[in-house]
Amino acid sequence: MMLSGFLFLLLLKALDGKSNGSCRHRDVLRHLNLTDNEDAMTQPGINSPLKIELDVLLYAILDVDEKRQQFVSYLWVDMSWQNDDLIWNPDDFCGIERIYLPTKLLWQPDLTIEEMTEKDKTLPSCQLMVVNNGTITLRNDMVLVSACRLHIFQFPFDVQSCTLSFKSVTHLDEDLQFVPEKDSMWNDDWSRRMMQAQNEWLFIDMKPNSKTVDNFGFNQSMLVYTIRMKRRSALYIANLLVPILFFFCLDLASFLISHKGGEKLSFKVTVLLAVTVMQLILNEILPASSNRIPLIVVFCIGIFGLMMLSLMETILVMHLVEKDNEADKDQILSNDFGDKLEKDSFQNSSRVAGYWTRVSKTISKVFFIFYLIAATVFFLCLYFLWRRVEKW
């Protein structure tokens, strides 16, 4: 009786030790035999393309450089794929459903981004997650500097689209296929929730598109994410457009200044130089490689041209007024000497001088009407051109 009880206790202890030994992640690793299994280091799957489910979340828009045509973003990239060799029953291991392993133990896709112009300096993830059904998930964050063709025709009211093309470095489409893990609405929603910084941009959406491309004669699967964003234009309106319009209004008001004394000429020159400074500031922002002249540049050139014509009209009118001033001086001198003949001749010249004064006033009135009509036509042309671009 005592012997049977002793044997029963030994059996319970053995069973308890076996149960405790199977409740550790190390036991799952031994069960999978990853250290001696050569299949773990090779691509899983048999004679069929392996589907890589890719998910991209945009955490921050760090910079959009118009001069260099670059888009700097902070991304989280999740990759998931199936490996039927890494399956276990959680009931055999105390309910363990997932384990975390170093990335060097398992095969992983050689992912690259086609638009990347600078190597990512963030450290790659050192671990991946393996689920009991054979699903492997690898998550990496990266600060990505990518090339982006920026269209600045509608600056600063532009909407930009930058693409991020994910593909394998060496694998063909017969071996690997990249597909989106979630739908685009899910990505958009989570990107808006997790967005840490947007700089001067407002995130709109991010659309995935799977396609096959020919890369040096080899067909490869590619997943392209198109990120759309809209520029916050309030600061540019306050710092560029509104001041230029104010300068234009000042140039209009300068028609009320008298031509005598030269104050009108100096005032117009000052306003013209102020617009030139605005153009220099704009030149520091916009790239020189643009195929089309931005509308804001056309706006500045048009305002500058109108002010230049106004300045030339002022110079002409002041020249005509100066003739009358010289005639008046000559008439005063003739009156002092009392020469009647010369007095008559200077009276005739005074009549001529008065004629040029009337001509200068007529020129000012006609030019002011022309100035208003030209400015109105110019703004209307800009408006219709803007509407035409929006319809495209």
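Read on for an overview of the structure. Along each chain, numbering runs from 1 in the same order as the chain's sequence is written. Local features in this predicted model are restricted to residues whose pLDDT is 70 or higher, and side-chain atom pairs enter the listing and the counts only when it is 80 or higher, whereas totals over whole chains, interfaces and linings include all residues. As a rule here, side-chain values cover all heavy atoms of the structure and leave hydrogens and water aside.

**Here we look at the pairing of strand β8 (residues 159-168)**
Okay, step 1: Among the 10 residues in β8, seven count as buried, and that is most of the element.
Okay, step 2: When DSSP finds two or more bridges between a pair of strands, those strands are recorded as paired. Secondary structure is summarised from DSSP: a helix means a run of H or I of at least four residues, a strand means a run of E of at least two, and numbering begins at the N terminus for each. One ladder, built from three bridges, connects strand β4 (residues 111-113) with β8; its direction is antiparallel. Bridge pairing links Ile-113 to Phe-166 in β8.
Okay, step 3: Sheet analysis places β8 next to strand β11 (residues 218-231), joined by nine bridges and oriented antiparallel. Burial classes: relative accessible area under 20% of the type maximum marks a residue as buried, over 50% as exposed, and values in between as partly exposed (1.4 Å probe, protein chains only).

**Describing the packing of aromatic side chains**
Okay, step 1: Ring pairs are drawn from Phe, Tyr and Trp, using the six-membered ring of Trp, whenever the two centres fall within 6.5 Å, and their geometry is named by plane angle: stacked under 30 degrees, edge-to-face over 60, tilted for the rest. Inspection of the entire model under this criterion finds 17 aromatic pairs.
Okay, step 2: With centroids separated by 6.0 Å and ring planes inclined at 85°, the aromatic side chains of Trp-81 and Trp-107 adopt a geometry described as edge-to-face. Of the two residues, Trp-81 sits in strand β2 (residues 70-82) while Trp-107 sits in the loop between β3 (98-102) and β4, which places them 26 residues apart along the sequence. The exposure classification of Trp-81 matches that of Trp-107, with both residues buried.
Okay, step 3: Relative to Trp-386, the ring of Phe-157 lies with its centre 5.5 Å away and its plane at 90°, an arrangement referred to as edge-to-face. Here Trp-386 lies in helix α7 (residues 340-391) and Phe-157 lies in the loop between β7 (135-147) and β8, a separation of 229 residues in the sequence.
Okay, step 4: Only when the NZ of Lys or the CZ of Arg is both within 6 Å of the ring centre and within 35 degrees of the ring normal is a charge said to sit over the ring. The lysine or arginine in question, Arg-193, covers the ring of Trp-190, its NZ or CZ lying 5.1 Å from the ring centre.
Okay, step 5: Seen from the ring of Phe-153, Arg-292 lies directly overhead, with NZ or CZ sitting 3.9 Å from the centre.

**A word on the pairing of β2**
Okay, step 1: Buried residues dominate β2, accounting for 10 of its 13 residues.
Okay, step 2: Turn length for the strand β1 (residues 50-65)-β2 hairpin, with the two strands adjacent in sequence and antiparallel, is four residues, and the turn residue Gln-69 shows positive phi of about 55°.
Okay, step 3: Of the strand pairs in this sheet, β2 and β7 are connected by 13 bridges, and their pairing is antiparallel. Pairing of Ser-73 across the sheet is with Leu-144, part of β7.

**Side note on the sheet that holds strand β10 (residues 201-215)**
Okay, step 1: Here we have four strands laid out as an open sheet, ordered β4-β8-β11-β10, and antiparallel in their pairing. In this open sheet, the two edge strands, each paired with only one partner strand, are β4 and β10. Looking at each pair of strands side by side, their axes are set apart by 20° on average, direction ignored.
Okay, step 2: In this description, contact between two residues means that some pair of their heavy atoms is separated by no more than 4.5 Å. A fitted line through C-alpha atoms serves as each axis, taken over the contacting stretch for helices, and the angle formed by two N-to-C directions is quoted from 0 to 180°. On top of the sheet, helix α3 (residues 184-194) reaches β10 and β11; it is set at about 140° to β10, its chief contact.

**As for unusual backbone geometry**
Okay, step 1: The omega torsion across Phe-155 and Pro-156 is 0°, close enough to zero to call that bond cis.
Okay, step 2: Position of Pro-156 relative to the elements: it lies in the loop between β7 and β8.
Okay, step 3: Located in the positive-phi region is Phe-216, a residue other than glycine, with phi close to 55°.
Okay, step 4: Relative to the helices and strands, Phe-216 resides in the loop between β10 and β11.

**Structural notes on the environment of Gln-154**
Okay, step 1: Structurally, the position occupied by Gln-154 is in the loop between β7 and β8.
Okay, step 2: Along the backbone, Gln-154 and Leu-295 are 141 residues apart, and their C-alpha atoms lie at a distance of 6.0 Å.

**A short note on the packing of helix α4 (residues 234-253) against helix α5 (residues 263-285)**
Okay, step 1: For the pair α4 and α5, interaxial distance at closest approach is 10 Å and the crossing angle is 160°. Taken together, the axes of α4 and α5 lie roughly antiparallel to each other. Note on packing geometry: the crossing formed by α4 with α5 is left-handed. Listed contacts from α5 to Tyr-236, Asn-239, Leu-240, Pro-243, Ile-244, Phe-247, Leu-250 and Asp-251 of α4 are Phe-267, Lys-268, Val-271, Ala-274, Val-275, Met-278, Ile-281, Leu-282 and Ile-285.
Okay, step 2: Residue composition of the contact of α4 with α5, by class: 14 nonpolar, one polar and two charged. Roughly parallel covers angles under 35 degrees, roughly antiparallel covers those over 145, roughly perpendicular covers 65 to 115, and oblique covers all other angles. By convention, the crossing between two helices is left-handed when the near helix turns anticlockwise from the far helix through less than a right angle, and right-handed when the turn is clockwise. Throughout, the ten residues Ala, Val, Leu, Ile, Met, Phe, Trp, Tyr, Cys and Pro are labelled nonpolar, Asp, Glu, Lys and Arg are labelled charged, and all others, Gly among them, are labelled polar.

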